[in-house]
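An overview of the molecular structure
Residues per chain, in single letters:
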Amino acid sequence: MNRKYRKTIIAGNWKMNMTNSGIKPFMEELKANMPKAKQCDVVLCTPAVMIQTMVKAGKDCKVAAGGQDVSIYDKGAYTGEVSATMLEDIGAKYCIVGHSERRQYHGETDMMVNAKAKKLLEKGINPIICVGESLEQRENDLTMEYVAYQVKAALSGIDATALRHCVIAYEPIWAIGTGKTATSEQAQEVCEEIRAVIRKIYGARPARAVSILYGGSMNAKNAYELLAQPDIDGGLIGGASLKPADFATIVAATAQD
Ligand code: 13P
């Protein structure tokens with residue numbers, strides 16, 4: 001982390017879990033475990049139907065609500081889709097785009113990820129842009145090349161002013177939901193490279209200001225060490241974000257110099 005230049009963000013990705021009625025007891029337990037003075041922004045990205053409940057429930061302990069996906073279209077005959085306008089209207093502050101699960105199961109391409117990020121930015125919602133390599137790519141030494149390509153494609157046509165509202169999440173696919181975390185060195189190495197890619201496009205100052213998160217089996221035990229890395233500015237947390245006490249411990253792990 002480097003709090004001097006950029007925000008620290010702890011974001012939970014609930015994926016397709018929980019229900020509206022579970023939010024109140026979850027937030028009560030979270031609040032009871034949360035450090036009094038938080039050193040970071042805290043976000044919970046819920047399924048679309050729960051965002052509004054999260055917006056209300058999160059006010060009390062300053063937890064922002066986020067979505068997990070957005071349409072590339074503004075409105076119209078796109079059954080099942082949720083637009084950036086709708087997310088803005090219900091108070092979402094962040095939205096994940098390009099999660100590997102959406103790339104893998106829903107055919108989301110780099111072009112779509114870019115279009116989605118732009119739609120969110122138009123509405124003042126911060127996109128959390130996910131990138132990350134497969135195990136095969138890592139084993140073939142293609143990690144840096146592939147991640148750099150994903151970052152460039154996702155940011156295509158986004159200017160330096162809008163970049164300030166973008167968050168990048170490095171999530172190696174092989175570490176997601178597997179209990180296999182990248183070592184802090186592996187995670188730092190890629191996050192550093194992502195910042196270097198951004199520096200090449202936008203220059204030193206904008207690159208210094210972008211928050212880059214790590215995601216992939218981050219938990220209450222390994223968060224402190226991962227967050228101690230200079231280019232890791234927070235976490236995007238799946239499984240552990242469904243356990244209020246563990247999630248609060250990860251938030252508390254941002255209190256380090
Ligand atoms: P896990 O923390 O469950 O590995 O999930 C990470 C993730 O995909 C967050 O977006």
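The present account deals with the structure reproduced in this document. (Residues numbered from 1 in each chain as written. Predicted model: local features only at pLDDT ≥ 70, side-chain atom pairs only at ≥ 80, totals over all residues. Heavy atoms only, no water.)

1. Some thoughts on the overall build of the protein chain
Looking only at helices and strands, the protein chain features 12 helices and eight strands. A principal-axis box enclosing the C-alpha atoms of the protein chain has dimensions of 45 × 45 × 35 Å. Burial status across the protein chain gives 52% buried among its 257 residues. Total accessible area computed for the protein chain in this model is approximately 12,000 Å², and 51% of it derives from carbon and sulfur atoms. (Helix = DSSP H or I, 4+ residues; strand = E, 2+ residues; numbered from the N terminus. Buried < 20%, exposed > 50% of the residue type's maximum accessible area, 1.4 Å probe, protein only. Areas by Shrake-Rupley, 256 points an atom, 1.4 Å probe, with all protein chains shown as cover.)

2. Considerations on the packing of helix α1 (residues 20-33) against helix α12 (residues 244-252)
At a minimum axis separation of 8 Å, α1 and α12 run at an interaxial angle of 40°. As summarised for this structure, α1 and α12 are arranged oblique, according to the angle between their axes. The handedness of the crossing between α1 and α12 is right-handed. Where α1 abuts α12, its residues Phe26, Glu29, Leu30 and Asn33 lie against Pro244, Ala245, Phe247 and Ala248. Considered class by class, the residues forming the contact of α1 with α12 number six nonpolar, one polar and one charged. (Axes fitted to C-alpha atoms, helices over the stretch in contact; angles between N-to-C directions. Parallel < 35°, antiparallel > 145°, perpendicular 65-115°, else oblique. Left-handed = near helix turned anticlockwise from the far one by under 90°. Contact = heavy atoms within 4.5 Å. Nonpolar A, V, L, I, M, F, W, Y, C, P; charged D, E, K, R; others polar.)

3. Observations concerning the sheet that holds strand β1 (residues 9-13)
Spatially, β1-β2-β3-β4-β5-β6-β7-β8 is the arrangement adopted by the eight strands of the closed barrel, whose pairing is parallel. Adjacent strand axes in the sheet meet at a mean angle of 25° when their direction is disregarded. The strands touched by helix α2 (residues 51-59) are β2 (41-45) and β3 (63-67); relative to β3, the strand with the most contacts, the crossing angle is about 170°. Strands β1, β2 and β8 (234-237) of the sheet are contacted by α12, whose axis makes an angle of about 160° with β1. (Pairing = 2+ DSSP bridges.)

4. Concerning the site of the ligand
Taken together, the residues surrounding the ligand are Asn13, Lys15, His99, Glu171, Ala175, Ile176, Gly177, Gly216, Ser217, Leu236, Gly238 and Gly239. Within the backbone of Ser217, an N or O atom sits 2.8 Å from an oxygen atom of the ligand. The backbone of Gly239 places a nitrogen or oxygen atom 2.8 Å from an oxygen atom of the ligand. Bound to the protein, the ligand loses 94% of the 310 Å² it would expose on its own. Residues belonging to the shell around the ligand are distributed by class as follows: three nonpolar, seven polar and two charged. (Near = heavy atom within 4 Å. Polar contact = N/O pair within 3.5 Å; in protein donor to acceptor, adjacent residues only side chain to side chain.)

5. Considering the nonpolar core
Looking at soluble globular proteins, one finds that nonpolar side chains tend to be buried together. The biggest cluster of nonpolar side chains holds 68 residues, and the ones touching the most others in it are Leu155, Ile194 and Ile198. For this core, the element with the highest residue contribution is helix α9 (residues 184-202), accounting for seven residues. Once residues lying within four places of it in the same chain are set aside, the contact partners of Ile198 are Val151, Leu155, Leu163, Ile168, Gly203, Ala207 and Val210. Ranked by size, the runner-up nonpolar core spans 12 residues in total, among them Ile9, Cys45, Ile128 and Leu236. (Core = buried A, V, L, I, M, F, W, Y, C linked by side-chain atoms within 4.5 Å.)

6. Observations regarding the environment of Glu192
Tracing the sequence through the fold places Glu192 in helix α9. A relative accessible area of 43% means that Glu192 is categorised as partly exposed. Put simply, Glu192 and Ile212 are 20 residues apart on the chain and 9.0 Å apart in space, counted from C-alpha to C-alpha.

7. Some points on the packing of helix α7 (residues 143-155) against α9
The axes of two packed helices give the description: the angle between them and the distance between them. It is the contact of α7 with α9, at a shortest axis distance of 10 Å, that shows an interaxial angle of 45°. When the axes of α7 and α9 are compared, the pair comes out oblique. Handedness of the α7/α9 crossing: right-handed. Where α7 approaches α9, its residues Thr143, Met144, Val147, Ala148, Val151, Lys152 and Leu155 are matched on the opposing element by Glu189, Val190, Glu193, Ile194, Val197, Ile198, Ile201 and Tyr202. When grouped by side-chain class, the residues that make up the contact of α7 with α9 number 11 nonpolar, one polar and three charged.

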